[in-house]
Amino acid sequence: MYNAKAFSAASATSPLVPTTIARRDLTEHDVQIEILFCGICHSDLHQVLNEWKEVMPTVYPCVPGHEIVGRVTKVGPAVKKFKPGDLAAVGCMVDSDGTCPACKEGEEQFCPNLTLTYNFPDKHLGGVTYGGYSEGIVVTEQFVLRVPENLNLAGAAPLQCAGITTYSPMKRHDVGKGKKVGVMGLGGLGHMGVKFAHALGAHTVVFTTSESKREDALRLGAVEVVMSRDANQMQKHAMSFDFILDTISAQHDLNGYLQLLRRDGSLTLVGIPEKPLAVAAFSLISGRRSLSGSPIGGIAETQEMLDFCGKHSITADVEVIPIQKVNEAYERLLKSDVKYRFSIDMASLKSE
Ligand SMILES: NC(=O)c1ccc[n+]([C@@H]2O[C@H](COP(=O)([O-])OP(=O)(O)OC[C@H]3O[C@@H](n4cnc5c(N)ncnc54)[C@H](OP(=O)(O)O)[C@@H]3O)[C@@H](O)[C@H]2O)c1
Ligand SMILES: [Zn+2]
Ligand SMILES: [Zn+2]
């Protein structure tokens, strides 16, 4: 075991403060990574605030962070894919059993023995796992991703969660040429969703509550922008969408959006508001519509997404901050005041 600097929250009402955490010594298949950038996902905020207590209560102290990019510093003797000096990335998962049907199908995110990057039982050290708001992390090779060399690293970090979470359901729903696709909420996930829908060739429409994001939405690849609180603007799109991706982090009315789906259209939730959302049966039945949800993506698909981003030069639009500004960033994220992802420059942790 060795010590690593990190930032943690001691309770749902405490700010994140500097701390020291234990990281394990390398086992045969482990990769040790010096973290260069870590994105701030709204899930970090939900979990620090213990908003998901009914499904995954937060264990404190909590070290969040699952959008990790860094450089390999050491590898275990059995590691084949990485050597010291390589770029590497880690997302929301750090381990699974590798033997269940989900793992065998490359869908590790559904493994019953999955280990998430933070706030999950740590099979090596006991306690819970600690995430990327830290100077380093040790992860088994199978859960470490290769980062295309042409990508800006601060902007590549958010691909590990915001990227794969929007890419995966779009691929699954055949988003592409000839499809009309909506993205609800222009935040960290939403702006990646717009970039992917556009790169895949779809007619892309953004639903936002923020008039100030209109120009950005168009620049990111949308061809139309709808102010979702304006019933007239919404009505103009009635029964026209093949697919809508819902990335909204707070309570909202789903029914108004479901009405915009054409017959047999689908709306997929990726946003995870604290409380249940109400669905009127008629919203689904009247157009034989589907409502589904989607969690991140498997490791192979995450690598596919990273390679797609390398090929199309896609990264997140980031505001790079030092770790000392993380609490301020959380307050701004709550107000949807970031364009469009905070990425923490981990070099700033060295001065703690
Ligand atoms: N399924 C998964 O695997 C997965 C993975 C990662 C994250 N998530 C979840 O996805 C959600 C989004 O994460 P994020 O990091 O993209 O968050 P974010 O950057 O805060 O973006 C959320 C966006 O939702 C919109 N919004 C916020 N409050 C709203 C309200 N009251 N009514 C309508 N729209 C509202 C805002 O967009 P406008 O300003 O454009 O309206 C905001 O930018 C979170 O709940 C997060 O936990 C899920
Ligand atoms: Zn996330
Ligand atoms: Zn498994």
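Residues numbered from 1 in each chain as written. Chains lettered and ligands numbered in written order. Predicted model: local features only at pLDDT ≥ 70, side-chain atom pairs only at ≥ 80, totals over all residues. Heavy atoms only, no water.

A. Representation of the overall build of the protein. The secondary structure content of the protein amounts to 11 helices and 16 strands. On the principal axes, the C-alpha backbone points of the protein span a range of 60 × 40 × 35 Å. At a minimum sequence separation of 6, the contacts of the protein that also span at least 24 residues come to 66%. With the model as given, the accessible surface of the protein reaches about 14900 Å², and the carbon-plus-sulfur share is 53%. (Helix = DSSP H or I, 4+ residues; strand = E, 2+ residues; numbered from the N terminus. Contact = heavy atoms within 4.5 Å. Areas by Shrake-Rupley, 256 points an atom, 1.4 Å probe, with all protein chains shown as cover.)

B. Highlighting the coordination of the zinc ion (ligand 3). The protein atoms that coordinate the zinc ion (ligand 3) are Asp97 (OD), Cys100 (SG), Cys103 (SG) and Cys111 (SG), at distances spanning 2.0 to 2.3 Å. The coordination sphere of the zinc ion (ligand 3) comprises four donor atoms, whose angles at the metal cover 99 to 118°; the geometry is tetrahedral. Sequence spacing among the residues donating to the zinc ion (ligand 3) works out to D-x2-C-x2-C-x7-C. Taken together, the residues aspartate 97 in the loop between β6 (93–95) and α2 (101–104) and cysteine 111 in the loop between α2 and β7 (115–116) connect sequence positions 14 residues apart. On the basis of relative accessibility, which here comes to 26%, the residue aspartate 97 falls in the partly exposed class. (Donors = N, O, S within 2.8 Å, 3.2 Å for Na, K, Ca; no water. Tetrahedral: all angles 85-135°; square planar, octahedral: opposite > 155°, others 65-115°. Buried < 20%, exposed > 50% of the residue type's maximum accessible area, 1.4 Å probe, protein only.)

C. Just the pairing of strand β1 (residues 2–9), in detail. Sheet topology places β1 next to strand β2 (residues 16–23); eight bridges connect them, and they run antiparallel. Counted as the bridge partner of phenylalanine 7 is proline 18 from β2. The loop that links β1 with its antiparallel partner β2 comprises six residues. (Pairing = 2+ DSSP bridges.)

D. Up close: the packing of helix α4 (residues 162–172) against helix α5 (residues 188–199). In the contact formed by α4 and α5, the axes pass within 8 Å of each other and the chain directions differ by 45°. When the axis of α4 is compared with that of α5, the two are oblique. Taken as a pair, α4 and α5 cross one another with a handedness that is right-handed. Along its contact with α4, which presents Ala162, Gly163, Thr165, Thr166, Tyr167 and Met170, the element α5 presents Gly188, Leu189, Met192, Gly193, Phe196 and Ala197. (Axes fitted to C-alpha atoms, helices over the stretch in contact; angles between N-to-C directions. Parallel < 35°, antiparallel > 145°, perpendicular 65-115°, else oblique. Left-handed = near helix turned anticlockwise from the far one by under 90°.)

E. Here's a closer look at the sheet that holds strand β13 (residues 261–269). Taken together, six strands build an open sheet; the order of strands is β11-β10-β9-β12-β13-β14 and the sheet is parallel. On the outer flanks of this sheet lie β11 (224–227) and β14 (290–293), each paired with one strand and no other. The average angle at which neighbouring strand axes cross in this sheet is 20°, direction not considered. Along the sheet face, α4 touches β9 (180–184), β12 (241–246) and β13 and points at about 160° away from the line of β12.

F. Representation of the coordination of the zinc ion (ligand 2). Around the zinc ion (ligand 2), the protein contributes the donor atoms Cys41 (SG), His66 (NE2) and Cys161 (SG), at 2.0 to 2.3 Å from the metal centre. Here the donor residues of the zinc ion (ligand 2) share one chain and are spaced in sequence as C-x24-H-x94-C. Linking cysteine 41 in the loop between β3 (30–40) and α1 (42–48) with cysteine 161 in the loop between α3 (153–156) and α4, this pair joins segments that are 120 residues apart in sequence. In this pair, the class of cysteine 41 matches that of cysteine 161, namely buried.

G. Seen up close, the nonpolar core. Formed by 94 residues in total, the largest nonpolar core has its most connected members in Ile40, Tyr133, Met170 and Phe196. For this core, the element with the highest residue contribution is β3, accounting for six residues. Of all hydrophobic cores here, the second largest spans 14 residues; its members include Met184, Val226, Ile244 and Leu267. (Core = buried A, V, L, I, M, F, W, Y, C linked by side-chain atoms within 4.5 Å.)

As far as function goes, none of this settles anything; it's purely spatial.
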